Structures are given as structure tokens and as C-alpha cells.
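Listed below are the residues making up each chain.
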Amino acid sequence: MVCSYHSRMSHRNIILIGPMGSGKSTIGNIIARRLHREFQDSDHHIEHRTGVDIARIFDVEGEQGFRDRETQALQELLGEHNRVIATGGGSVLRPENQQLLKQQGYIVFLDTSLNQQMQRLRRDKKRPLLQTADPRARLETLFRERRPIYLDLADLVIKTDKRVARRLAADIINQLPESLK
Ligand code: S3P
């Protein structure tokens, strides 16, 4: 069984999960600044480590290769405490990642509609999983597969639609346990 949040208080990371286009990096950055914490983004960490972008990693190593790097990035980033961490949309897929996220932080799920994701990602050229003839169908499939996992992992669920990042960040901070503020 995965331990409850109260037995994990000492780790004190704040972890943002949610689909592509949910605003994890933007909102995570604002929260980190307001709480005087270090911000880290797992995709940026991977790009920094490898010196190439995510699309190139998918090209050369395939999705499995990327997922291995993602697990390693999460292990590195979550080894420290008191950070705000934005994860990639698929980082919740592996059971070992789920366990790690649960153990190492307070998890905030940015619950975003398909329409909002589409609006934000319509012209995206960077995300390998969306470079298909029908990105909406792809997002829909991912939404169906992953939303139950996001919900299951979340300590806090925040609906993001039609709200600006600054407000969302303030709302999240208000709802955090006092020990994390
Ligand atoms: C992915 C999401 C991306 C990135 C990669 C795969 C996914 O991150 O990790 O393209 O599987 O949903 P964002 O959620 O930050 O876009």
C-alpha cells in the first residue's frame, strides 16, 4: 500500500502532474517564486542532461528510451527536498514512478479539459506524441488512459479551465497544507 501524505510530510516537495498543455511549468514556476523554493521541470532536466531536445530523444531512442530517462530524471529531482517540480504528462505511467512521486512529495493534479489542451497545443511542433494527423484523437486517448491515474495519485485536484496561471497558482498555494507554505 502507498503511504498516506501525513507520513511523507518530511519530504516537502510540491509536484505538479497533469496532461500536456495543463500549464504545469508556468504554474509551477509561479508557485516556486511565491514560496521561495527552487523550481525544476523534468523535461528541461532531461534536455539539460542529454544536450538534445525531447523530440530528438524520441527519434533516436524511441518512447521507451525517453521513459527510462524520465524515470532517472524523477529520481534525481526528487532526491532533494523543498522543490516545486513540474513532471511530463506521461511520468505517472510507470508504477515505480508513481511510488516515487507519492513518497517524495505533495501531488497537485492540474485537471484540464481536452478543449483547453487543444487550444494550447494546436500548433505544437515539440511534442512527439502530438505529431500525428489527428492530435485531438491522440489527446483524447491519453486523457482516457491517464486521467484515472492522475486522480488516484493526487493530494489536490485543481480545475484549470478558463483561469489565468497567476490565479491558479494563488489558489493552489491557499489549499496547500500549512507546513508546505
Ligand atoms: C509527454 C509529455 C511531455 C513530454 C513528452 C511526453 C506525455 O511533457 O514529457 O513529450 O507522454 O504526455 P509535458 O506534459 O510537459 O508537455
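Details of the structure are given in the entry above.
Cut-off values and rules
- Residues numbered from 1 in each chain as written.
- Predicted model: local features only at pLDDT ≥ 70, side-chain atom pairs only at ≥ 80, totals over all residues.
- Heavy atoms only, no water.
- Helix = DSSP H or I, 4+ residues; strand = E, 2+ residues; numbered from the N terminus.
- Buried < 20%, exposed > 50% of the residue type's maximum accessible area, 1.4 Å probe, protein only.
- Contact = heavy atoms within 4.5 Å.
- Lys, Arg positive; Asp, Glu negative; His and termini not counted.
- Charge placed at Lys NZ, Arg CZ, Asp CG, Glu CD.
- Axes fitted to C-alpha atoms, helices over the stretch in contact; angles between N-to-C directions.
- Parallel < 35°, antiparallel > 145°, perpendicular 65-115°, else oblique.
- Left-handed = near helix turned anticlockwise from the far one by under 90°.

Engineer: Quick question: what am I supposed to make of the overall build of the chain here?
Structural biologist: Scanning the chain for helices and strands turns up 7 helices and 5 strands. Starting at the N terminus, the α and β elements of the chain follow one another as β-α-β-α-α-β-α-β-α-α-β-α. For the chain, the C-alpha atoms occupy an extent of roughly 45 × 35 × 30 Å along the three principal directions. Residue burial in the chain is summarised as follows: out of 181 residues, 47% are buried. Nonlocal contacts in the chain, meaning residues at least 24 apart in sequence, comprise 73% of its contacts between residues at least 6 apart. Side chains of the chain give 30 positive and 23 negative charges; the mean places of these two sets differ by 7 Å.

Engineer: Can you walk me through the packing of helix α2 (residues 42-50) against helix α3 (residues 54-77) in this structure?
Structural biologist: Relative orientation and spacing of two packed helices are given, respectively, by the angle between their axes and the distance between those axes. Axis separation between α2 and α3 bottoms out at 9 Å; the angle between their running directions is 110 degrees. On the basis of their axis angle, the class for α2 and α3 is roughly perpendicular. Remark: the crossing between α2 and α3 carries right-handed chirality. Here S42, D43, H45, I46, E47, R49 and T50 of α2 lie close against α3, whose contacting residues are I54, I57, F66, R69, E70, A73, L74, E76 and L77.

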